Structure formats: structure tokens, C-alpha cells
Amino acid sequence: MHRAVVISMQRHAQNTAPLEQLDEHDPRLAASRVEIQKWAATCTLAREPEMPPGLHNRAADNWRVLLAIADDLGHSRSCADVQR
């Protein structure tokens with residue numbers, strides 16, 4: 001557990017709509033794939049992205065790549081979003 005990013009999950013409520021089945025022939029999937037490939041070819045990830053206070057040592061190592069990706073994509077984050 002010390003070498004992982006833990007994501008707490010819960011079952012969805014009974015009254016919510018089920019997830020729609022992924023259609024491998026949906027043109028949106030191909031378009032998304034192209035956009036991801038463009039980003040991957042040009043991204044520049046920070047080796048040392050800004051870490052939220054209190055995130056140190058192994059926990060910081062676990063989150064470093066995810067925070068660098070979020071920074072490169074321009075997504076702001078709240079320090080409260082990243083927990084040990």
C-alpha cells in the first residue's frame with residue numbers, strides 16, 4: 001500500500017443510470033486516441049512538479065507523475081484533492 005495511489009471507490013446508487021457500454025467503433029474513441037497521441041508526442045513533464053504540503057517521501061513519489069501529467073494538461077488542482 002505504501003507504493004500505491006489508493007483510490008476509494010463506492011458502489012453507485014441504485015437509482016443512477018448504468019454506464020453506457022463502450023463501442024469500439026465509435027468515432028469519438030478514435031478521435032480521443034489521436035488527441036492522446038498528439039499530446040504524448042509533445043508533452044514535457046516536470047521532473048519535480050509542485051507538491052501539496054504534507055506530501056513527502058514515498059507518497060510524493062507515488063503522486064509525482066500524476067501531478068506532472070495534470071500540470072502539463074493545464075488542470076489546476078487543490079491540495080485537498082491529493083491525500084496520503
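All of the points below concern the structure found in this document. (Residues numbered from 1 in each chain as written. Predicted model: local features only at pLDDT ≥ 70, side-chain atom pairs only at ≥ 80, totals over all residues. Heavy atoms only, no water.)

The next point concerns the overall build of the chain. Looking only at helices and strands, the chain features 2 helices and 0 strands. Across the 84 residues of the chain, 15% fall into the buried class. Within the chain, residue pairs in contact and separated by at least 24 positions form 49% of the contacts whose partners lie at least 6 positions apart. When the accessible surface of the chain is summed, it comes to about 7,700 Å², and 54% of that surface belongs to carbon and sulfur atoms. (Helix = DSSP H or I, 4+ residues; strand = E, 2+ residues; numbered from the N terminus. Buried < 20%, exposed > 50% of the residue type's maximum accessible area, 1.4 Å probe, protein only. Contact = heavy atoms within 4.5 Å. Areas by Shrake-Rupley, 256 points an atom, 1.4 Å probe, with all protein chains shown as cover.)

Now for unusual backbone geometry. Note: most peptide bonds trans; most residues except glycine with negative phi. We note that Asn57 has phi near 50°; this positive angle belongs to a residue other than glycine. Among the structural elements, Asn57 can be located in helix α2 (residues 57-72).

Attention now moves to the pattern of salt bridges. Applying the stated rule across the entire model yields 5 salt bridges. Residue Arg28 is joined to Glu20 by a salt bridge in which the shortest nitrogen-to-oxygen separation is 4.0 Å. The class for Arg28 is exposed, based on a relative accessible area of 56%. In the salt-bridge network here, residues are joined through shared partners; they are Glu20, Asp26 and Arg28. (Salt bridge = Lys/Arg side-chain N within 4 Å of Asp/Glu carboxyl O.)

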